[in-house]
Amino acid sequence: MKISAFHLMPHRELPDDFEKRYESVWVTPPWWELADASRVGQYYNWTLDELLYAARAGFDGVCTNEHHQNAYGFMPSPNLMGGVLAKLTNGMDVAIVQMGATLPTSNPPIRVAEEYAMLDCISGGRLVAGLPLGSPMDVNLCYGITPMEHRERYREAFALTLKAWQAREIFAWNGHYYQLANVNLWPRPIQQPHPPVWVPGSGSVTTFDFAVDNEVCYCFLSYSGAKSATTMMQSYWDVVAKKGREPNPYRAGFLQLVAVAESDARAEEKFARHVEYFYHKCLHVPGIWFSPPGNQDYRSLVASSKNPVRRPENPKDLRYRDFVEKGYVIAGSPATVRDRIKQEVIKNLHVGNLMVLLQIGSMPHEIALENIDCFAREVLPDLRPIWEDEGWVNHWWPERLRAPRAASSGPGMAAARA
Amino acid sequence: MSERTIAVWQGKVRIRVFSKGSGPALVFFHGPWGLHWDPFLDELARTFTVYAPEHPGTTPDAPDDVYHLDGLWDLVLCYDELLTALGLESAAFLGHSFGGMVASELAAAYPDRARRLALIAPLGFWRDSERVVNWMMLEPARMRAQVFRDPEGEAARRMFGSADDPDARVRLMWAMGTTGKFIWPIPDKGLKKRVHRITAPTLIVWGKEDRLVPPVYADEFTQRIPIARVQVVDGAGHAPHLEQPAAVARMVADFLKS
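As a convention, each chain's residues are numbered from 1 in the sequence order in which they are written. Chain letters and ligand numbers both follow the written order, the letters beginning at A and the numbers at 1. It should be noted that, the model being predicted, local features are given only for residues of pLDDT at least 70 and side-chain atom pairs only at 80 or more, the latter also being counted only at that level, while totals for whole chains, interfaces and linings use all residues.

## Section: the overall build of chain B
Test applied: Comment: elements are numbered from the N terminus, with helices defined as DSSP H or I runs of at least four residues and strands as E runs of at least two. We compute the radius of gyration from the C-alpha atoms alone; for a globule the expected value is 2.2 Å times N to the 0.38, where N is the number of residues. Neighbour density around each residue's C-beta defines its exposure: 20 or more other C-beta atoms within 10 Å make it buried, 12 or fewer make it exposed, and counts between make it partly exposed, where C-beta atoms are placed from the backbone. Residues are treated as contacting if the C-beta atoms built from their backbones sit within 7 Å of each other.
Within chain B, the secondary structure is distributed over 10 helices and 8 strands. Against the 2.2 N^0.38 benchmark of 18 Å for 258 residues, chain B shows a C-alpha radius of gyration of 17 Å, consistent with a compact globule. With the C-alpha coordinates aligned to their principal axes, the bounding extent of chain B is approximately 40 × 40 × 35 Å. Per-residue burial for chain B yields a buried fraction of 50% across its 258 residues. For chain B, the proportion of contacts with a sequence separation of at least 24, taken over those separated by at least 6, is 72%.

Listed below in structure tokens is the structure:
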């Protein structure tokens, strides 16, 4: 297993009545009413500190991501965060997992290829290159990309990125959306032929084909847990089998919200309100914005209309115990969390690259560090050996980091935290 | 009523065209919610030979043809080819909403092809102070309320279909997506630079209670098209030809046949 700490960098102090007063957490939340730049500076620093803390605590990777105009998670440039993390984790066996910079909103998209190459150089070849399509809120609503062109632009930019990293000769790109007469990337990545590529998805059938055809790791970034992802991930594995690829668990990644404390009761006491804040406020977005007309291609539109993947219940009606019971969040004592992640997520979904979200919604810095610490000490060591006996190679992880990371030592962590 | 499917654009874009009636040719360009043959078009077919093409991508079994068109210029050229294929040197053009913008662009690109022009709540311009509401960002119930004066009425039902019917939902979403391709995120794609080329006498029709594209946009057209006048329709929103079919058919027919 490879287990990475994921961070959204959310607004941690939205008003209690946020979801009643405002239309959406994304695209239209008014900055001047809701945020303060100095305080937000503190959030960014906490975010970096939490990820660095996870790196020192023994996680295999640290993940950042790109989103725009929102209070849900606002790292408009994940590569700025990645740059800091790459530098400060030099000397540690930690991957810099960019989940990542969004190709269709980067113009020209070779900017992403360049910045990822920089990160790979700075980190000494520890980059995982996430190449997300980007959410419709970010790409269509905030950045003005036509929904119907979103996937086409992505696919062209994806091909351009892979070629720009690898080409031995200067080449011309006479594309549909992008025209560049002299592509000659400086720098190139250390990892050859290119850094491992992860593609996050949300269950679209065309993305399964794309992921398998391009030999990338398909990552389901879910907020509704493994139970509701079972059917969808099975469809992914069906595509893998149909296309004649081996069922290597490292072909798949999954994001899980996790909250761990001394006991189940203590976890509820510590985390309940932060979990509810996340689902009630941070995901407060009109449904149609997740899929504006034209964003899904026709085949996916027909498939999702006939067989909607959207969960039947409204998360706003659920409370902490519901989220835990349904597996949206895996929370409780170390034993509870270990067992549920192992069975529900890793085994059930057949996943080799696990991402865990440990700073959730309004969770304060100190509590987030405690969650990270407890997970690293009590949960992570038990999960790490899973799949080892089956002998799969994680082709989707930096080669120099593929061996299991040595367990971290307790005292070193205390020092790191101070 | 008859229908046929015509392939243009090197055979890559298939467009189904409905036609009915006899008399001078009238080409109707539908709005962003797809083509629905309705009492309004029946009424016009009593005076004209009405041709109603489906915008590229909205013709059944040809959803992906729209990917062969990159922008408005390609779309205008497609419609030029379609008119040729229909054997129409010139015709009266009628368009609703997005279709009004298409009709305007076609009449600006090929002034000799447009004999007369009637535009029902056309898109094409933008005022920061009176922003066009982006219907593609609205939940279905809100979209109905924004488009129609009476969101529960027969006209709204006909255009949007039943919310429980997955096929109707697919058709509606795809119609919005394929037309949205040419106007996202702001439906101003430079018509202001070209609209002066229109020579056809033009009627602008606007629903008095249009909550999607405010009626002030009528001024943008009348100020820029050399021969143009406006008629405002009471008791109607963004689709006055559906909410007041008899009245709008009469005013459009009277104007286009003269």
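## Re the packing of helix α8 (residues 205-213) of chain A against helix α9 (residues 225-242) of chain A
Residues and elements named next belong to chain A. This is how the line gets drawn: To define axes, lines are fitted to C-alpha atoms, for helices over the stretch in contact only, and angles between the resulting N-to-C directions are given on a 0 to 180 degree scale. If an angle is under 35 degrees, it is roughly parallel; if it is over 145, roughly antiparallel; if it lies from 65 to 115, roughly perpendicular; otherwise it is oblique. Whether a crossing is left-handed or right-handed is set by the direction in which the near helix is turned from the far one by less than a right angle, anticlockwise for left-handed and clockwise for right-handed. Under this grouping Gly is polar, as are all residues other than the nonpolar Ala, Val, Leu, Ile, Met, Phe, Trp, Tyr, Cys and Pro and the charged Asp, Glu, Lys and Arg.
Interhelical geometry of α8 versus α9 gives an angle of 45 degrees and a closest axis separation of 9 Å. The angle between the axes of α8 and α9 places the two elements in the oblique class. Here α8 runs over α9; the crossing is right-handed. In contact with Phe-208, Asp-209 and Val-212 of α8, α9 contributes Ser-235, Tyr-236, Val-239 and Val-240. The residue inventory of the contact of α8 with α9, partitioned by class, reads 5 nonpolar, 1 polar and 1 charged.

## Details of the sheet that holds strand β2 (residues 13-20) of chain B
Residues and elements named next belong to chain B. Going by this rule: In this analysis, strands are considered paired if DSSP registers two or more bridges between them.
Pairing within the open sheet is mixed, and its 8 strands lie in the order β1-β2-β4-β3-β5-β6-β7-β8. Looking at which strands have only one partner, the edges of the open sheet turn out to be β1 (2-8) and β8 (228-233). This sheet shows a mean twist of 20 degrees between the axes of neighbouring strands, independent of strand direction. Bridge analysis of strand β3 (residues 25-29) against strand β4 (residues 49-53) gives 3 bridges, and the strand direction is parallel.

## Here's the deal with unusual backbone geometry
Residues Met-99 of chain A and Gly-100 of chain A are joined by a peptide bond in cis, for which omega reads -5 degrees. Positionally, Gly-100 of chain A belongs in the loop between β3 (95-98) and α5 (110-123). Geometrically, the link from Asn-107 of chain A to Pro-108 of chain A is a cis peptide bond, its omega value of -5 degrees lying close to zero. Looking at the secondary structure, you find Pro-108 of chain A in the loop between β3 and α5. Positive phi values are uncommon outside glycine, yet Asp-61 of chain B reaches one of about 70 degrees. When you line up the elements, Asp-61 of chain B lands in the loop between β4 and α2 (72-85). Not every positive phi belongs to a glycine, and Ala-121 of chain B is a case in point at roughly 45 degrees. By the element assignment, Ala-121 of chain B lies in the loop between β6 (114-120) and α4 (140-147).

## Some remarks on the pairing of strand β9 (residues 252-260) of chain A
Two faces make up the sheet, and in a regular strand the side chains alternate between them. All names here are of chain A. This is how it is decided: Crossovers are marked right-handed if the path from the first strand over the helix to the second runs clockwise, as seen with the strands pointing away from the viewer.
Buried residues dominate β9, accounting for 9 of its 9 residues. Residues Ala-252, Phe-254, Gln-256, Val-258 and Val-260 of β9 are buried on one face, and the alternating residues Gly-253, Leu-255, Leu-257 and Ala-259, pointing to the opposite face, are buried as well. Sheet topology note: the strand β8 (residues 217-221)/β9 ladder contains 4 bridges and is parallel. Within β9, the residue paired with Phe-220 across the bridge is Phe-254. In this fold, the crossover linking β8 to β9 by way of α9 has right-handed handedness. As judged from the 5 bridges shared by β9 and strand β11 (residues 353-357), these two strands associate in the parallel manner. Residue pairing across strands places Leu-255 opposite Met-355, the latter belonging to β11. Relative to strand β10 (residues 329-332), β9 is paired through 4 bridges, and the arrangement is parallel. Bridge pairing in β10 places Ala-259 opposite Ala-331.

## Details of the pairing of strand β6 (residues 179-183) of chain A
Residues and elements named next belong to chain A. β6 sits mainly on the outside: 0 of its 5 residues count as buried. In terms of strand pairing, strand β5 (residues 171-174) meets β6 through 3 bridges, oriented antiparallel. Residue pairing across strands places Phe-171 opposite Val-183, the latter belonging to β6. Where β5 folds back onto β6 in an antiparallel hairpin, the turn is made up of 4 residues.

## What about the interface of chain B and chain A?
With 18 residues of chain B in contact, the opposing surface of chain A contributes 17 residues. The residue inventory of the side of chain B that touches chain A, partitioned by class, reads 11 nonpolar, 3 polar and 4 charged.

## Overview of the nonpolar core
Note on soluble globular proteins: their nonpolar side chains tend to be buried together. This is how the line gets drawn: By convention the nonpolar core is taken to be a set of buried residues drawn from Ala, Val, Leu, Ile, Met, Phe, Trp, Tyr and Cys and joined through C-beta atoms within 7 Å.
Val-62 and Phe-254 of chain A together with Leu-26 of chain B are the most contacted members of the largest nonpolar core, which totals 205 residues. In contact with Leu-26 of chain B, other than residues within four places in its own chain, are Leu-44, Phe-48, Thr-49, Val-50, Tyr-51, Ala-91, Ala-92, Leu-94 and Leu-256 of chain B.

## Re the environment of Val-112 of chain A
All names here are of chain A. You can see Val-112 is positioned in helix α5. Distance in space between the C-alpha atoms of Val-112 and Thr-102 is 7.7 Å, their sequence separation being 10 residues. Among all residues touching Val-112, those that are not within four sequence positions of it are Ala-101, Leu-103, Ser-106 and Thr-161.

## Section: helix α10 (residues 264-282) of chain A
Residues and elements named next belong to chain A. Test applied: At every residue, the bend is computed as the angle between two fitted axes, covering the seven residues ending there and the seven beginning there respectively.
Maximum bend of α10: about 55 degrees, positioned at Phe-271. Three or more residues of α10 are buried, namely Ala-267, Phe-271, His-274, Val-275, Glu-276, Tyr-277, Phe-278, Tyr-279, His-280, Lys-281 and Cys-282. Buried residues belonging to α10 abut α1 (18-21), β9, α12 (320-326) and β10.

## Describing the confidence of the model for chain B
Threshold: How sure the predictor is of each residue is captured by pLDDT, a score from 0 to 100.
Taken over all residues, the pLDDT of chain B has a mean of 97, while the share at 70 or more is 100%. Interface scoring of the predicted complex returns ipTM 0.95; its pTM is 0.95.

## Notes on the environment of His-196 of chain B
In this fold, His-196 of chain B is placed in the loop between α7 (191-194) and β7 (202-207). As for His-196 of chain B and Gln-223 of chain B, which are separated by 27 residues in sequence, their C-alpha atoms are 9.6 Å apart.

## Structural notes on the confidence of the model for chain A
With 96% of its residues at a pLDDT of 70 or more, chain A shows a mean pLDDT of 94. The low-confidence segment residues 409-418 of chain A, where pLDDT is below 50, has 8 contacts with residues more than four positions distant or belonging to other chains.

## Section: α5 of chain A
Residue and element names in this part refer to chain A. Worth spelling out the cut-off: For a helix, the expected span equals 1.5 Å multiplied by the residue count minus one.
Between its first and last C-alpha, α5 extends 20 Å over 14 residues, near the 20 Å set by a 1.5 Å rise per residue. Most of α5 sits out of view: 10 of its 14 residues are buried. Listing the buried residues of α5 in full gives Ile-110, Val-112, Ala-113, Glu-114, Glu-115, Tyr-116, Ala-117, Leu-119, Asp-120 and Ser-123. Lining the buried residues of α5 we find α4 (78-88), β3, β4 (127-130), α7 (147-166) and β6.

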